[in-house]
Amino acid sequence: MDALQDRFKSQKLSTSPVKVTKICCIGAGYVGGPTCAVIALKCPHIQVTIVDLNEARVDAWNSEDFKLPIYEPGLEEVVRKARGRNLFFSTDVDKGIQDADLIFVSVNTPTKKSGVGAGFAADLNYVELATRRIAAVANSSKIVVEKSTVPCRTAESMRTILEANSKPGCHFDILSNPEFLAEGTAISDLFAPDRVLIGSLQTPEGIAACVALKDVYKNWVPAEKVLTVGLWSSELSKLAANAMLAQRISSINALSAICEATGANIDEVAHAVGKDTRVGPKFLKASVGFGGSCFQKDILNLVYLSESLHLPEVAAYWRQVVEMNEYQKRRFAKTVVDTLFNTITGKRIAVLGFAFKADTGDTRESAAISLIRDFQDERALVNVYDPQVPHDQIWLDLQEASPRLPIEQIKKQVTICPSALEACRNAEAVVIATEWAEFREIDWEAVYKNMNKPAFVFDGRLLVDAEKLRKIGFKVTSIGRGERL
Ligand SMILES: NC(=O)c1ccc[n+]([C@@H]2O[C@H](COP(=O)([O-])OP(=O)(O)OC[C@H]3O[C@@H](n4cnc5c(N)ncnc54)[C@H](O)[C@@H]3O)[C@@H](O)[C@H]2O)c1
Ligand SMILES: O=c1ccn([C@@H]2O[C@H](COP(=O)(O)OP(=O)(O)O[C@H]3O[C@H](CO)[C@@H](O)[C@H](O)[C@H]3O)[C@@H](O)[C@H]2O)c(=O)[nH]1
């Protein structure tokens, strides 16, 4: 017998368990879209409506040719099976809220850009607006689920807003159900999660709401993988998980600098360390630096939380994980300049990959953006190629990274190319910024022929066979490898 059901019975609840038949998800982004599409696929008896204020995004989710707004392996197949059956995308947020018995709040929570906590705290404006909308339009009781990543105790603010603004007879139970999917593997992560975490208040109503959500996941997730905890533990666990994952990458990247200085090989070190079952082999791949919309934002959020709680040593500890990541990106760009005889002015550099990792078109906090900005500052010419990132997105990111440069100037220095081979034509150096599998398969002989000599390769992802490339004639520098060129 499930411990939660036990508790439920032992508390002799007058509240009977809620049966969820209609779900609404506010936010049709990287999390709301895939998560709720998978719920719809696995729970054909539940109607799932994903709503968003962004009309273009909703149109893309509804597009006849399935040109979905995000690229994620396996996602199109899920949407093809469920859309129109029990999965719907809409801009009618109010109707979505009114019809549902359970509402996921899956809106963005970026780092604040101005005001108190700027640069660190999470901007909770979108969460607050969505919560206020729920209170304003709901005409029956709802379970409201925090899916967005939020600071510890955000659920309390949501509850205060809901209780202060609800219509008579409407009751809201708040759950925390953070999402742990990684982009690029979102669908397989959702199909077989390591765990599903549900946080609730330990009141009869809170526990009843928790059981209702647990029942949804039970349609495909083994019961023992659904962890039920208190609300604040659930909120903090999400920040903690990301901080500890990012900390592993910063640790291995810090060691990569020592490898380069000593002649040790970071892959060998990672392999040896990861063989200890207490450490484990995953997430020890040295790189040009972690990117993505979550790691940096969530650690900064934890730093802010620690400072607000008057724990400066704790804040400094976590801040160092982000600082090491910045150092790694700068260090890599400097290696390129140093190796190309201390100047890249007027030289053409091919940057392969713009997404923050392979198998996604997402560029948020991508290391490629800071690399290209540093190359631009050195007045280099940059050719970029990425198999998934839309060109408009590349221009937007580069403009945001160098706000003082007019876009015409950026376009004079940067060219977006249709293939890796084209990007490398007449270049002095190739920089591998994203670990797309296709970069391993490039016809490197052809690349070499088309490049200026000496032809340099800088592997920021430990992706290519350096020895093979050296035999062709390339001078290769790989992150965390003592041997160079
Ligand atoms: N991207 C990931 O891999 C990932 C993984 C786990 C958790 N998270 C967390 O999940 C949350 C969402 O992330 P995301 O990457 O999906 O963001 P996103 O920007 O891709 O999507 C958020 C969507 O919410 C919509 N929105 C904002 N306010 C709204 C409102 N009031 N009403 C209706 N729609 C509204 C936006 O238009 C946008 O389309 C964040 O808190 C993030 O930290 C993200
Ligand atoms: O050994 C590694 C593993 C990852 N990375 C880089 O780290 C970044 C983040 O990668 P990953 O964690 O795989 O992707 P995300 O989609 O950012 O997923 C993270 O952030 C999500 C949002 O909170 C969480 O849900 C996930 O559990 C967590 O893995 C990327 O730039 C990767 O290239 C490395 O450099 N070395």
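What counts and what doesn't
- Residues numbered from 1 in each chain as written.
- Chains lettered and ligands numbered in written order.
- Predicted model: local features only at pLDDT ≥ 70, side-chain atom pairs only at ≥ 80, totals over all residues.
- Heavy atoms only, no water.
- Domains from an automatic or database assignment.
- Contact = heavy atoms within 4.5 Å.
- Buried area = accessible area lost by both parts, 1.4 Å probe.
- Salt bridge = Lys/Arg side-chain N within 4 Å of Asp/Glu carboxyl O.
- Near = heavy atom within 4 Å.
- Polar contact = N/O pair within 3.5 Å; in protein donor to acceptor, adjacent residues only side chain to side chain.
- Areas by Shrake-Rupley, 256 points an atom, 1.4 Å probe, with all protein chains shown as cover.
- Nonpolar A, V, L, I, M, F, W, Y, C, P; charged D, E, K, R; others polar.

## A word on the domain arrangement of the chain
Consideration 1: Per the domain assignment, the segments of the chain are domain 1 (1-221) and domain 2 (296-478).
Consideration 2: One C-alpha centre belongs to domain 1, the other to domain 2, and the line joining them spans 35 Å.
Consideration 3: Listed as interface residues are 20 residues of domain 1 and, on the opposing side, 18 residues of domain 2.
Consideration 4: Summing both partners gives a buried area of about 1500 Å² for domain 1 against domain 2, and 55% of it is carried by carbon and sulfur.
Consideration 5: Put simply, domain 1 and domain 2 have 1 salt bridge between them.
Consideration 6: Across the pair Arg364 and Glu183 runs a salt bridge, and its minimum N-O distance is 3.5 Å.

## Details of the site of ligand 1
Consideration 1: Around ligand 1 there are 25 residues in total, and Val31, Asp52, Arg57, Thr109 and Lys297 lie nearest to it.
Consideration 2: The separation between an oxygen atom of ligand 1 and a polar main-chain atom of Tyr30 is 3.0 Å.
Consideration 3: A distance of 3.0 Å separates an oxygen atom of ligand 1 from a polar atom in the side chain of Arg364.
Consideration 4: For ligand 1, whose accessible area on its own is 830 Å², the fraction buried by protein is 91%.
Consideration 5: Residue composition of the shell around ligand 1, by class: 9 nonpolar, 9 polar and 7 charged.

## So, the site of ligand 2
Consideration 1: In the vicinity of ligand 2, 22 residues are found, and the nearest of them are Phe180, Leu181, Ser287, Cys294 and Arg461.
Consideration 2: At 3.4 Å from an oxygen atom of ligand 2 is found a main-chain nitrogen or oxygen belonging to Glu179.
Consideration 3: Separating an oxygen atom of ligand 2 from a side-chain N or O atom of Arg461 is a distance of 2.7 Å.
Consideration 4: Relative to its free-state accessible area of 690 Å², ligand 2 is covered by the protein chains to the extent of 90%.

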